[in-house]
Amino acid sequence: MVAEAQSLPVFKSLAGYRPSWLSSDIAAGLAVAAVGLPSAIAYPAIVGLPPETGIYASIAPPIAYAIFGPSRQLIVGPDAATMTVLAAVVASVVASLPADAAVDRAAIASAFALVVGGICLAARLLRLGVVAHFLSRPILVGFFAGISVSIMVGQLGRLTGVDIDSDGLVAPVLELISKSATIHWPSLLLGVSMFVLLQAVTAWRIPIPGAVFVVVVSVILSALLGFREMGVRVVGDVPLGLPSFSIPSFWAMPLDKMILGGAAIFLVSFGSGIITVRSFATRSGETVDANKELIGLSAGNLAAGFFGAFPISVSDSRTAISFSAGGRSQVVGLVSAAILIATLLYLGEILRILPLPALGAILISAALSLIDIGELRRIWQISRPEFAFAMITMWGAISFGVLNGVIIAIAATLVYLLSKTMYPRDALLGRISGRDGLYKLHRSPEATLIPGLILYMVQGSLLFFNADYVGERIRATVLKLPPGSQWFVIDASAIVQIDSTATAMLDQVRAELAAKGMRLCLAEVHAEVREILERGGVVERVGAEYVFDDLEDAIRAFHKKEEQPSAFSTQLSEERE
C-alpha cells in the first residue's frame, strides 16, 4: 500500500522545493493574479456566464494542478480559444433543450468541465497523449485566427450597449447596423478608449500589464463619473464568498452533445496546451510527457467542474508572466489562487462597478493576440500546402462557426495526413562503377541497373488508400524495363505498415510479373509486415527463399540463380500454370 501511495502523482511538481525560491514565487504569484484577474472576469462573457465563474476557474484548477500536475512552472486557467469552443458547444446544448426548460449556462459549463476532465483521465489510462499532436501547428494557428474573429464580433454588444440577439459572424454585424440608432455612444467611446489604452501600454512598454491598467482606470472612472447612472453597463453583483462543491445535473442534458462537445473542447485545449507546454519546457529545461500532463489537466478540469467553473487549459499568458517574474514552482499558482480568494471575499464591491465596455476591449485585445501573423508568414515560407490548410481552417471557423470549425480542422488534418501518405515516393536502385553500395537512379545519373535485376524502393507504408497508386507505379516501371529483366525486387525497408488491400495488390503484381517471365522478390521486410504477408499467402506464393534480409543478399542470390537458369525457368513455368 505504501508503494502504491508513493507512485501516485501527488505533489511531484513540488519535489525538491527550495526555501530560497519562496520570495520569487510569491512575487510571481502576485503578478499572475494581477494579470489573470481581468481575463478571469472577461472570458466568461464569451459564453454568457457570470464573471465570478472565471475567478472560480482561476482558483480551484491551479490548486488541483499543483497537487497532481507534473510541471513545476505551468499555470492553468481560463483560455480564450477554449472559451470560444465552449461557447459553441454550450449553445448547441441550450438549443437542444425544450423551449420551456430552464437554462442554466453555468451548470452546463461546469458539466462540460467534468466531461473534459473525464476524457483527459481516460486518455491518460489509454496512453493517448499522442492525440495532442493530432492537430498540427499550422492548422491550430489557422483555427485560432478564425475564432479570434468570432470573439471580436461577440463584443459588439458590450462595446455599443446594443442588445444583439443574432448568432454567428455576419448576422450580429447586420443587426448592429439595423439598430445603429440605439448605439450608446458613451459606452462605445469608453470601449474604444480602453482598447487604445491597451495598445498604448503595450507599445510604450509600461511595466504594468495592459489589462490590469485598463481595469484599474475603468473602475476609477466608473466610481468618479457614475457610469451606471450614465447608462454604461457594469458587471453588477458578484457573489461574495468562495465557490461551494456541487455536482451539475447531468441527467437534464443531452448525453450525445455533452460527450461530442467535451471531445471538441479536449482536442482544442489539449492540442494548444501541449504546444504551450513544449515551448516553455525548452526554456526551463523540463522534459514533457503528454500522458503525464493529462493527469494534471484532468485534475484541473474536474476541480473546475465541481466548484462552479468551466473547462480550463494551460494559460500561456499566465505562464509567461510567471516565467518573467522569476517563478520557480507551482507555489506561484497557489499564491495566485490565494490572492483571487481574497479578491472574492473583500473586493467584490469594486468589481461590481467594472464597466462591460472595458471587458469588451480586453477580450478584443486577447482575440487579436490569437492571430499569429509571424507564424503564418513562417508557414508560408516553409510550406505552401501547410499554409493552405491553415487558411482553410481559418475560413471554416469564420464561415461556419467555431464548433463546425473544429470539425473542419479535424477534416483538414485528415486530408493533410492523407496527402502526405497517399502518394509515396519510389525509386530504382543501381550500382556506380568503382563504388560500393546502391544508389537511386534519378539522383545519381552515373548509376546503372544491375543487368537482369530490378531493385525497386517504395518510400512509405502500403495501405488501402495508396495501394492502387503504388500498383500502377510498379506497372508503369515494369513497362519501361530493359529486355532481359528477370527479378523485380521490392526494397521494403521503408514499408512499416501494410494492410489486406495492399497485400492483395502485391499478390496481383506478382502474378502479372510471372506472366511476363519475371519473379517478384522482397527484401528488408519488417517483422509485422512479413507476418501480414504470410497470413495473406503472399510469402508462400512468392517463395520464402525469395524474401531476403537485405538487398545485398538478394543480389548475391540473383547472381547464383543466373548459374542455374534451367531451375529458374522451371519455377516460373509452374507459376504461370
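Note that this is a predicted model, so its numbers are computed, not measured. The residue numbers shown here count from 1 along each chain, following its written sequence. Residues qualify for local features only when their pLDDT is at least 70, as the model is predicted, and side-chain atom pairs are given and counted only at 80 or more; totals for whole chains, interfaces and linings, by contrast, use all residues. Hydrogens are left out, water is left out, and the side-chain values use all remaining heavy atoms of the structure.

1. What about the nonpolar core?
Here is step 1 of the chain: Within this scheme, the nonpolar core is defined by two criteria: the residues are buried Ala, Val, Leu, Ile, Met, Phe, Trp, Tyr or Cys, and they are joined through side-chain atoms within 4.5 Å. Whether a residue is buried, partly exposed or exposed follows from its accessible area with a 1.4 Å probe, protein chains only, as a fraction of its type maximum: under 20%, in between, or over 50%, in that order. Core analysis: the largest hydrophobic core is formed by 98 residues, its most contacted members being I55, L86, F112 and F143.
Here is step 2 of the chain: The contact criterion used throughout is that any non-hydrogen atoms of two residues lie within 4.5 Å. When sequence neighbours within four positions are dropped, the list of residues in contact with L86 reads V47, A109, F112, I265, F310 and P311.
Here is step 3 of the chain: Of all hydrophobic cores here, the second largest spans 45 residues; its members include V458, L551, A554 and F558.

2. Thoughts on the sheet that holds strand β5 (residues 453–459)
Here is step 1 of the chain: Sheet architecture is open: 6 strands sit in the order β4-β3-β5-β6-β7-β8, paired in mixed fashion. Sheet topology places β4 (439–440) and β8 (547–548) at the edges, where each strand pairs with a single neighbour.
Here is step 2 of the chain: Strands pair, by our definition, only if DSSP identifies at least two bridges between them. Per the convention used, a helix needs a DSSP run of H or I reaching at least four residues, while a strand needs a run of E reaching at least two, with both numbered from the N terminus. Bridge count for strand β7 (residues 519–523) against β8 is 2 bridges, and the pairing is parallel. Of the residues in β8, the one forming a bridge with L522 is V547.

3. Comments concerning the pairing of strand β6 (residues 487–491)
Here is step 1 of the chain: Within β6, 5 of the 5 residues are buried, which leaves it mostly tucked inside the rest of the structure.
Here is step 2 of the chain: Burial of β6 is two-sided: the residues W487, V489 and D491 facing one way and the residues F488 and I490 facing the other way are all buried.
Here is step 3 of the chain: With 5 bridges joining them, β5 and β6 adopt parallel strand pairing. Bridging from a neighbouring strand, L455 pairs with V489 of β6.

4. Description of the packing of aromatic side chains
Here is step 1 of the chain: Only centres within 6.5 Å qualify two rings of Phe, Tyr or Trp (six-membered ring in Trp) as a pair; their planes then separate them into stacked at under 30 degrees, edge-to-face at over 60, and tilted for everything else. Using the criterion set out here, one finds 13 aromatic pairs in the structure.
Here is step 2 of the chain: Centre to centre, the rings of F245 and F306 are 5.0 Å apart; their planes meet at 25°, and the pair counts as stacked. Of this pair, F245 sits in the loop between α13 (227–230) and α14 (255–284) while F306 sits in helix α15 (residues 290–306), placing them 61 residues apart in sequence.
Here is step 3 of the chain: Taking the centre distance of 5.8 Å and the plane angle of 75° together, the rings of F245 and F307 count as edge-to-face. Of this pair, F245 sits in the loop between α13 and α14 while F307 is found in the loop between α15 and β2 (313–314), placing the two residues 62 residues apart along the sequence.
Here is step 4 of the chain: Put simply, the rings of W487, Y546, F548 and F558 pair up and form one aromatic cluster.

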